[in-house]
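Examining the three-dimensional arrangement
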Amino acid sequence: MKTPDLFKKKFTILQEISSAIVGTDNISLIANLMLDLAVSYTNAEKGSLMLLNERDELYILAAKGIDQHFMRDYRVKMGEGIAGTVAMNRYPMLVEDVDKDDRFHGKKRDHYKTRSFISCPVVSREKLLGVLNINDKKDGTSFTADEFELLTTIANHAAIALENAFLVVELKSKAAELEGINKKLVETDVLKTEFITRISHELRTPLNSVKGAIYHLQQSDKIPGTEREEFQAIISGETDKLIKIVENLLDFLRLEDETRTIKKAVINVTDVLKELSDSPALKAALGRKGVTLKIKTHDKITDVVGDRVKALQLFSNMLEGVCHYLGQGDVIEVSVHEEEMVTVSMKLSRAIPESIMHYFYDTSFDFRAEHHENRVKLYLARTAAEVHRWKLTVANEEESCRITLAIPKSTKEKVEAFVNKSMDTFVEFISELMDLDICSIMLSDELTSELTVKSARGLGDDIVKRTRIKFGDKIAGWVALEGKPLFVEDIETDPRFSKKSIPQYSTKSFMSFPLKIDDRVIGVLNMNNKKTSVPFTVRDYYIASVLSERISQFIKLTYADNCKKEDITKLITSFNSLINPEAPAAEKTGPGRSNPVP
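All of these numbers come straight from a predicted model, not from anything done at the bench.

Quick notes on the rules
- Each chain has its residues counted from 1, running along the sequence as written.
- In keeping with the predicted nature of the model, local features appear solely for residues at pLDDT of at least 70, side-chain atom pairs appear and are counted solely at 80 or more, and the whole-chain, interface and lining totals rest on all residues.
- With hydrogens and water set aside, each side-chain value is computed from the structure's full complement of heavy atoms.
- Think of it this way: any DSSP run of H or I at least four residues long counts as a helix, any run of E at least two long counts as a strand, and we number them from the N terminus.
- Each residue is placed in one exposure class: buried if its accessible area under a 1.4 Å probe, protein chains only, is under 20% of its type's maximum, exposed if it is over 50%, and partly exposed if it falls in between.
- Note on definitions: a residue-residue contact is assigned when non-hydrogen atoms from the two residues lie within 4.5 Å.
- Here the rule is simple: two strands pair whenever DSSP picks up at least two bridges between them.
- Here the axes come from fitting lines to C-alpha atoms, over the contacting stretch only for helices, and the angles between their N-to-C directions go from 0 to 180 degrees.
- Any pair of nitrogen or oxygen atoms within 3.5 Å is treated as a polar contact; in protein, a donor-acceptor pairing is required on top of that, and neighbouring residues in sequence qualify only through side-chain atoms on both sides.

1. Examining the overall build of the protein
When you go through the protein residue by residue, the secondary structure sums to 18 helices and 19 strands. Put simply, the protein has 598 residues, and 44% of those count as buried. Here the contacts in the protein between residues at least 6 apart in sequence split such that 65% fall between residues at least 24 apart.

Written as structure tokens, this is what we have:
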């Protein structure tokens, strides 16, 4: 192909891709457009655009000339086959004759007429998105270097278009999530008013009875003994009812509050269900009703994000709650399967009364003293599912009932949960090593770019939840903006601050270090209040600088595209041994060398 023709084709491709980026955020449409361009400009019969899924497998998102049934079921692991090899190496390949190419000796290559193909990784910002493959030229000849260059151009710009589409989809998802949260807040405000009204009514009824009985007793000293005893019985009975209402109310509010507070981590549903089957409380509840529990699981279920304790309580409350409506000889079958989501299915051998179904869906709870404990359990199970953002569905099926819990899979959420959990480990380790009362790790929010507290020791929960600091604001914000550590021996005498001691700090000395991935600041490590109430020393600074570097390395490794779970586990296990106060890396920095203050 002549150079002017090649240039013209590239220019046309860029125009069409630019239109795609601006015109739509539909990932499927973009994928098909990119594939159409690739097939058209290389004169090919077949092609596919494969994306990387949650299991590090390549699946076909868009294809031309390939059987639909083959598309739906085809999966390739990293390093397997031709596409898996290209994905693992992240290097585009032009092969004129695969049978004569030593790189692919023994690799599977079915469903193709010719021996020539082009395969290009789709990579954006060092992150592998997928692989673009083109096969079988219409004229039966091999693909040329010019066509290889064209396909490489398409793959590079496809990465940009897809990455933009992914970001837009994520932003829309976040916007919808925020809208949902706002709606929940409005609903909560309304429900709070209704709840207070209901409770007021429940309390007022026995109080009026007590007040009336006392009034009659006070009106005359000549009330017959039988009537006096009757009024006293009213006072005693209504007082007991009041006590029961208040106790139930407090228990309910405590349980609901505990249910709505979750600490996310990476969990395995199979492991949770295995632990559930060994629960003495659940066994006792099922035994009293003569109900048999059968749990079918397998070990290949993908990990999800959630609070392990709350997830265990969710399943336990659900099973104990529905158990009340079952009888001798009934069976509950629990199974787990995985497709786009991890789905937990509970099949009951008997239908649930329709009057109870609303407890699975209502956002309110009509609190009354006569409510059975099992109804509270169903409500709490529903609330726990809602807080986790897991989809709960319940439906009677003739003479049985099926309860389904759909749990989304998200690599990003898993990484964030793992990082958050690891930050707790690091904060505890640093606090003990440095003898600190107060220590915190703040990370930058991806959407708002504000610093939020991911883990802290010595700070109240309200402070942790409320704190959001913009880059440049306050001390942590300055460290994040400048990307430099800050070491202050006495904040009151430091001309840069001229601040009086902050009440929650027993010392006037503190240290703050930026956490970086390459040259980009992604968080801040803060240290205050040594237990000995003495200022931080230069030696403390050296140790803390090494700690901040290690944490930064951990975060970088965790967010790396080729990150493996075993790599992270190994890093955490060896974290203690990696911390060496005398390490050369620590000696390169310090208050006198790195100019850590502005």
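2. As for the environment of methionine 434
Tracing the sequence through the fold places methionine 434 in helix 12 (residues 411-434). Sequence separation between methionine 434 and alanine 544 is 110 residues, and the spatial gap between their C-alpha atoms is 8.3 Å. Excluding anything up to four places from it in sequence, methionine 434 contacts Met511, Met527, Lys530, Asp540, Ile543, Ala544 and Leu547.

3. Some words on the sheet that holds strand 11 (residues 341-348)
Read across the open sheet, the 5 strands follow the order 8-10-11-13-12; overall the sheet is mixed. The open sheet is flanked by strand 8 (292-296) and strand 12 (391-397), the only strands paired with a single partner. Between one strand axis and the next, the sheet turns by 15° as a mean value, whatever way the strands run. Strands strand 8, strand 10 (331-338), strand 11, strand 12 and strand 13 (400-408) of the sheet are contacted by helix 9 (residues 308-323), whose axis makes an angle of about 20° with strand 11.

4. Looking at the sheet that holds strand 2 (residues 57-64)
Two pairing modes exist for strands in a sheet, parallel and antiparallel, and in both the strands are linked by backbone hydrogen bonds. Taken together, the 6 strands give an open sheet; going across it, the order is 3-2-1-6-5-4, and neighbouring strands pair in antiparallel fashion. Of all strands in the sheet, those bounded by a partner on one side alone are strand 3 (75-77) and strand 4 (93-95). Averaged over all pairs of adjacent strands, the angle between their axes in this sheet comes to 25°, without regard to strand direction. Sheet analysis places strand 1 (residues 44-52) next to strand 2, joined by 6 bridges and oriented antiparallel. Across the sheet, residue leucine 51 finds its bridge partner in strand 2, namely tyrosine 59. Across the face of the sheet, helix 2 (residues 27-42) comes into contact with strand 1, strand 2 and strand 6 (127-137) while running at roughly 65° to strand 2. Packed onto the sheet, helix 4 (residues 81-89) meets strand 1, strand 2, strand 3, strand 4, strand 5 (117-124) and strand 6 and runs at close to 140° relative to strand 6.

5. Quick look at the side chain of serine 455
Note that serine 455 resides in strand 15 (residues 451-457). The class for serine 455 is buried, based on a relative accessible area of 6%. Here the side chain of serine 455 touches aspartate 424 through a polar contact of 2.6 Å, side chain to side chain. For serine 455, the residues in contact, after removing those within four places along its chain, are Met423, Asp424, Val427, Cys439, Ser440 and Ile441.

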